There are 2 protein chains.
Amino acid sequence: MKEYIIKDEWNIIEEGFDPAVNEVSESIFSIGNGRMGQRANFEERYSGKSLQGSYVAGVYYPDKTRVGWWKNGYPEYFAKVINAANWIGIDVWIDGETLDLATVEVSNFKRVLNMREGYLQRSFEATLSHCAKVEVQSTRLCSLVDDEAGAIRYSIKALSGDIHVKMSPYLDGNISNRDSNYDEQFWNLIDKKQGSQSASLLMETKKTAFWVATAMQYAILVDEEIVEVDEVDRDEDKLVGKVLEFPLAKGQQITLLKYAVNLSSENHAKQVLSAKAEETLQKVATKGFDKMKEEQAKAWQEKWAESDIVIEGDVAAQQAIRFNIFQLNQTYTGEDARLNIGPKGFTGEKYGGVTYWDTEAYCVPFYLATAEPHVARNLLIYRYNHLQKAIENAEKLGFRDGAALYPMVTMNGEECHNEWEITFEEIHRNAAIAFAIFNYIRYTGDEHYLVEYGLEVLVAISRFWAQRVNWSGAKGQYVMLGVTGPNEYENNVNNNWYTSYMAMWCLEYTLESLDKVKQLDAGRFDEILDKTSFNLDKEPLRWQHIRDNMYLGEDKELGIFLQQDNYLDKEQILVKDLPVEDRPLNQKWSWDRILRSCYIKQADVLQGIYFLEDRFDLETIKRNYDFYEPRTVHESSLSPCVHAILAAKLGDGERAYQFYLRTARLDLDDYNNDTEDGLHITSMAGTWMSVVEGFAGMRVRNGKLTFHPFITENWKSYAFHVRFRGAKLYVKIAHEQVHISNEGKVAEVMINDMLYTILPGDRVAVNLESV
Amino acid sequence: MKEYIIKDEWNIIEEGFDPAVNEVSESIFSIGNGRMGQRANFEERYSGKSLQGSYVAGVYYPDKTRVGWWKNGYPEYFAKVINAANWIGIDVWIDGETLDLATVEVSNFKRVLNMREGYLQRSFEATLSHCAKVEVQSTRLCSLVDDEAGAIRYSIKALSGDIHVKMSPYLDGNISNRDSNYDEQFWNLIDKKQGSQSASLLMETKKTAFWVATAMQYAILVDEEIVEVDEVDRDEDKLVGKVLEFPLAKGQQITLLKYAVNLSSENHAKQVLSAKAEETLQKVATKGFDKMKEEQAKAWQEKWAESDIVIEGDVAAQQAIRFNIFQLNQTYTGEDARLNIGPKGFTGEKYGGVTYWDTEAYCVPFYLATAEPHVARNLLIYRYNHLQKAIENAEKLGFRDGAALYPMVTMNGEECHNEWEITFEEIHRNAAIAFAIFNYIRYTGDEHYLVEYGLEVLVAISRFWAQRVNWSGAKGQYVMLGVTGPNEYENNVNNNWYTSYMAMWCLEYTLESLDKVKQLDAGRFDEILDKTSFNLDKEPLRWQHIRDNMYLGEDKELGIFLQQDNYLDKEQILVKDLPVEDRPLNQKWSWDRILRSCYIKQADVLQGIYFLEDRFDLETIKRNYDFYEPRTVHESSLSPCVHAILAAKLGDGERAYQFYLRTARLDLDDYNNDTEDGLHITSMAGTWMSVVEGFAGMRVRNGKLTFHPFITENWKSYAFHVRFRGAKLYVKIAHEQVHISNEGKVAEVMINDMLYTILPGDRVAVNLESV
């Protein structure tokens, strides 16, 4: 854990240069716009520790899967989002010496991520070996408006005397991933060009043959006026750029504006890609840096108007929640159903930038509430579009007749996780994908989604479950053997309650959905039956039989659901009784010891109770919570939010607040000592849920939004925006009152079980004590 | 399955050249002497499919372990025996054209492995593109007498007219493993030298820094007379050699004798390694090829006198059993306690040439019976010498206080298997190592081994078991969670009967051994207590408590031991009811499907019954055999032998014979379609066991050898040699009679429960019907 980030409501601030945390800061100060992402690497060369990262959405490399022993069904490759051409680079030499923060003396270093307006700023003073001193300021953004473009304003001021400055803006395709095997490079150069004040690269990924055109243009300002300077071309292997030289008198400042674009063949035909890049580059360069920055502020203003959470009385919490929301909005904008949300977004290499069940389980609620419905819908359509691949994936494992197993990890719908205990066994992801359909429809009321897309996915998933269980002669029930639940600190267990319960629910929901679609659109219903070769006589009957006869472990004496068979055979020592130096277990214990222990990585039984809360009475929830929470080590960033929400539900607001704290500043304070790898993007949605579903107790019941608000003593108030079926609500919860205003359509809202109708433009205030 | 090997009692014969089976033949016709091993690659260049393999015992490379996700406790490297410098190479050009069996026309190709005398012979005729025809004959051996040396006699005869022959004997260090990652090479060249008619390489392995000096010398014979020819040095990177040219008149033959030595820094100091190699080379070259071949025949004669099995009336069976014995003797000679027996010996890269539990479970009995006691004893001492590393290995996983977990796979005592479900969980290997101590002492009567070495190992192993179990509050017994039994088609199961039972037995045997050592040598006993910081008050008590309260699953109704918890929840379809096209499962089914099925890869419960047979009554054995055998797919080469022995024990000789057939010609007929990777060396010992322990029913009981012979209708008789406590018995079993002769000390032998005393030089005959 580190605590060097300066607390501020709208800005993330680092003061003073500490190379030891540079990679952490590179993650935290990342910028992105859903199409491209850029770690907070320096523009100038830096020979210290740094993880270079420029990512272009959807462009990946199918890396050789690394396993000791190959077995049938193992995926062929591991998809990774790859480091693309460096577009931010500006080499600087002062009087012939390289400006490199690892070698010069640095003072007054400051890095600011302006979340309100969406840009990154950095300033510092550098004293070179011959004592010349300069001041550098840079501002960088990835434009939300021109989402294939980024821009940099980079100024150097001579502080100590006359100096000679050499600057070289460049594009560099000589890049690799840190996690590449044997330093393999993933890119081939197809073309490079030099123009007047511009240069470009056309690169192709190996194997996948994605093309990315990266182009740059620059301008030089002296005293804020554009000046002409002589340029010399720079051309080194896969690097193109310009070299510029100028004398700088003491006190004088020179500014380089650099515009860069990244266009991928995912969005443009290959034959026009270079021309399109040129066109886009001209467009933004003509627009100019100031205008881009102004548009950026406006675009972010609109994002914040939908998604901001305001916390009064706690700057640390305010900063943290905005940081989470900012990064979520930087990662996914919902305009392209081919994209999804990697656990680290565009902020690092780890987890390969690929899609996990995190999206359905944690991210969908955020986007449902804070963006137009098509944003969350596109996340669902992403899976719909991968249905055929999910069926093929199941076939590889031996399933038949249209059963689908969605991949644990994917880029294009193919499985690319390579641990059998996850790939083949952490099959509960299928249930999360079904649940997201249910959740989306419950929230939006868009039942037609079931007709258009949802039912096909549900049928394929239910077919999987129906084949994945087997009848146990010994038990006289259906069992689900050899699975891994959300608690990945156990693998290959039998009858994981979460998985079995969710499977049972999937079958039930699919059966209901069949009826629903038949009712809504009989023609389409027949079409689906036909398309899926559905056996209306047999399949529903079998599903119903499994649903009614699923083995679900429980311990009657303790009154709890049993996480899996044999769980109570384990040595039951509570987390609180573990020596503090043993934590986190995943760093201190061998995998062997972890597997055999009773410790739970993340909510498992409780995850199921969270998803399907209304099916359990409060006493049952409490018993399970009281049993499992003390055995949970929360070593997944996705765990505390679920516990926060359930704790709040059980009326234990203070514990909910403790869990909230654990998730909200996870990256800002580098809790798990791994922020340098990238930010925990998907768990940031969990933080949002902790506030909205946890503290505010927001649920959808019978088509209505309901709230059961709680506020911690530590805050004066908190407020958030939610869209709901045309209503645009702003909910503010203080200690005495809840205010809800509405700028959309009329809304019926339950607050602590009382119904309120809020007309457009209207506002209700509910006195909390009076409830 | 292939059946191209010509059946012969003493020779393995291939006639006709079929490139499609070349790699299979390269494995089958491998030669070795315990110190070095050589696949049957051609001397001349071959551009067709070939797995080059020259191996030097004990020289390995710690390859980067390949796993998707690293977790604490995973081994750092995977040790592999590596392809060493090619010492057999002789390039040949006829009239300027390369002699390459992939490009010339080949006729009369014949390959013969002479097992009686221990050499490989090959002959063929080749017609080159301009129609010149030559006859080539080569003979090659790895000397048992000079075990760092090999020799080749390579003749070319001009058949069709006068020709010009260019020959180049060489050593080539430009070699790699087929299984190396990214074609990484494992060797650096340290030195190379040219001499008159000689050349040498000094190579060093990367990382491990083993040195191997490889040197060669040649001579040319015309009409069997040594002639002088002009030589030209050849020097290409890591290749050194000579080029020789001569005209050859029609009908004339020229012969190249090539002597080569491989000396490793495991056996000589580095500074003298090259000189030693030169010395050894001179020694064998002076001795000459014919003398070496003569000595080889004599050395093999001695091996056969100890270990031959003679089968009358079945050439295929005779050839097969000799092949198995021949390869076992080529792989391990028992003179060096640092060496062990890799599953593929020196015949391929697979399994890295490293040590598995195969040694203790399958190989020890063979060497116990067919060689002097020090041979098997050295296999035990290998583990004793690794005890400290086994303790460290356990510590890495969190075990304490001198508990040892022997590695699943090792070269030098460190674990280098990299699948958690095996590495951490297939812990029954510890029991096999303890069992080998018991078995060795039971066989040899050498109780002093316990005093000197055995007890320390047993204590460390029992400490492991005592920490590895945990008390289950739910069961009120000790449970063993998260293990993988011998049946690797299930991973991470709970309460695997075999593992738990063997652990219980280990505790019991260690407790007995403590008493025994105290009795035999009280001083040494105190020394061991001291050395191991043994707590005499607490440890035996705890061990006894675990031994008495170990949970061992059984199904009372079926009257069987339960392979593991939940086994009966699986769908129970017998192997015979599986579609034939689904077999072998490991090639046809996904790993997911295999794991969830009831199918057993190799004997598991039955392995335990085999080891500790005397603890179970015949009815119990029969019930378990009848239940598990029909569920076993025998997809490990180590499975059929155990079933053969138990079937014979249960009086089902014909079934035992069927199992024997499955194991005996496994490689000769390439049953599993994988002989090209190398031979199944360790399972060859299982074949031997099938005959001696299966058909002949040999056991040690109360310090006496006992037999319960059975003979299949398909054989006239079979006979084998066994050493036993100074006696040297030759046992011949025909349909009517058993003859046992004795060339050693007096022996008391039970045949079908009758006691016979056989004096030195004497012989008994027992009429089988009369018993």
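So, here's what we can say about the structure. Just so it is clear, the model here is predicted, and its values are computed rather than measured.

Below, the discussion takes up the packing of helix 10 (residues 448-468) of chain B against helix 11 (residues 497-520) of chain B. Residues and elements named next belong to chain B. Contact pair helix 10 / helix 11: the axes reach a minimum separation of 9 Å and the direction vectors enclose 140°. Between helix 10 and helix 11, the angle is such that the two are oblique. Once helix 10 is placed against helix 11, the crossing between them reads as left-handed. Here helix 10 contributes L450, V451, L455, L458, V459, I461, S462 and W465 to the contact with helix 11, which in turn contributes T499, A503, C506, L507, Y509, T510, S513, L514, K516, V517 and L520. Partitioned by chemical class, the residues of the contact of helix 10 with helix 11 number 14 nonpolar, four polar and one charged.

What follows deals with the environment of D147 of chain A. Residues and elements named next belong to chain A. Considering the arrangement of structural elements, one finds D147 in the loop between strand 10 (133-142) and strand 11 (149-158). Note: C-alpha distance between D147 and E414 (267 residues apart in sequence) is 27 Å. Filtering out sequence-adjacent residues up to four positions away, D147 remains in contact with N33, R35 and M36.

The next thing to look at is the pairing of strand 18 (residues 239-248) of chain A. All names here are of chain A. In terms of burial, strand 18 is a largely internal element, eight of the 10 residues being buried. As judged from the eight bridges shared by strand 12 (residues 163-172) and strand 18, these two strands associate in the antiparallel manner. What sits directly across from L171, in strand 18, is V240. Across six bridges, strand 17 (residues 231-236) lies against strand 18 in antiparallel orientation. Its bridge partner lying in strand 18, D233 is registered against K242.

Right, let's talk about unusual backbone geometry for a bit. For the peptide bond that leads from R583 of chain A to P584 of chain A, omega is -10°, which places it in the cis range. Its location among the elements puts P584 of chain A in the loop between strand 24 (560-561) and helix 14 (585-588). Backbone geometry at D223 of chain A places phi at a positive 50°, although glycine is not the residue there. Residue placement: D223 of chain A occurs in the loop between strand 15 (211-222) and strand 16 (225-227). Given a relative accessible area of 60%, D223 of chain A falls into the exposed group. Its identity is not glycine, yet D401 of chain B carries a phi of approximately 55°, on the positive side. Examined against the element boundaries, D401 of chain B turns out to sit in the loop between helix 7 (387-397) and helix 8 (420-423). Relative accessible area serves as the criterion here: at 60%, D401 of chain B is assigned to the exposed category.

Quick look at the relation of the copies chain B and chain A now. Structural alignment of chain B on chain A gives an RMSD of 0.0 Å, achieved by rotating through 180° and translating 0.0 Å along the axis. The two molecules are tied by a two-fold rotation axis, judged by turn and shift.

An α-helical turn contains 3.6 residues, so any two residues separated by three or four positions project in the same direction. Residue and element names in this part refer to chain B. Looking at helix 12 (residues 522-531), one finds that the buried residues are R524, F525, I528 and L529. Looking straight down helix 12, one finds that the buried residues subtend no more than 145° of arc, so they occupy a single side. Residues of helix 12 that are exposed and angled more than 90 degrees away from the buried face: D530 and K531. Elements that come into contact with the buried residues of helix 12 comprise helix 10 and helix 11. Once helix 12 ends, the next one or two residues include S533, with phi positive near 50°.

One frequently used descriptor of interface size is the decrease in accessible area upon assembly of the parts. At the interface, 57 residues of chain B touch 57 residues of chain A. Surface buried jointly by chain B and chain A totals about 4500 Å² across both partners, of which 49% is contributed by carbon and sulfur atoms. Between the two partners, chain B and chain A, sit six salt bridges. Residues E419 of chain A and K71 of chain B are paired through a salt bridge, measuring 2.6 Å at the closest nitrogen-oxygen approach. Counting across the chain B and chain A interface gives 26 residue pairs in polar contact (both at pLDDT 80 or more). Those elements that provide at least two residues to the side of chain B that touches chain A are strand 4 (54-64), helix 7, helix 8, strand 21 (470-472), helix 14 (585-588) and helix 15 (591-596) of chain B. Element by element, the count of residues in the side of chain B that touches chain A is highest for helix 15 of chain B, at five residues. For the side of chain B that touches chain A, the per-class residue count stands at 19 nonpolar, 18 polar and 20 charged.

Take the pairing of strand 10 (residues 133-142) of chain B next. All names here are of chain B. In terms of burial, strand 10 is largely enclosed, as seven of its 10 residues are buried. As consecutive antiparallel partners, strand 9 (residues 119-127) and strand 10 are separated by five residues, and within that stretch C131 has a phi angle of approximately 80°, a positive value. Relative to strand 11 (residues 149-158), strand 10 is paired through nine bridges, and the arrangement is antiparallel. Along strand 11, the bridge assignment pairs L141 with A151. In this structure, the hairpin formed by strand 10 and strand 11 is closed by a connection of six residues.

Turning to the environment of R178 of chain B, a few remarks are in order. Residue and element names in this part refer to chain B. With respect to the helices and strands, the residue R178 is situated in the loop between strand 12 (163-172) and strand 13 (187-195). Exposure remark for R178: the relative accessible area of 48% places this residue in the partly exposed category. If we ignore the near neighbours within four places in the chain, the residues touching R178 are E23, S50, L51 and E349. At a separation of 2.6 Å, a polar atom in the side chain of R178 contacts the side chain of E23.

Rules behind the numbers
- Residues numbered from 1 in each chain as written.
- Chains lettered and ligands numbered in written order.
- Predicted model: local features only at pLDDT ≥ 70, side-chain atom pairs only at ≥ 80, totals over all residues.
- Heavy atoms only, no water.
- Axes fitted to C-alpha atoms, helices over the stretch in contact; angles between N-to-C directions.
- Helix = DSSP H or I, 4+ residues; strand = E, 2+ residues; numbered from the N terminus.
- Parallel < 35°, antiparallel > 145°, perpendicular 65-115°, else oblique.
- Left-handed = near helix turned anticlockwise from the far one by under 90°.
- Contact = heavy atoms within 4.5 Å.
- Nonpolar A, V, L, I, M, F, W, Y, C, P; charged D, E, K, R; others polar.
- Buried < 20%, exposed > 50% of the residue type's maximum accessible area, 1.4 Å probe, protein only.
- Pairing = 2+ DSSP bridges.
- Least-squares fit on C-alpha atoms with pLDDT ≥ 70 in both.
- Arc of directions from axis to C-beta.
- Buried area = accessible area lost by both parts, 1.4 Å probe.
- Salt bridge = Lys/Arg side-chain N within 4 Å of Asp/Glu carboxyl O.
- Polar contact = N/O pair within 3.5 Å; in protein donor to acceptor, adjacent residues only side chain to side chain.

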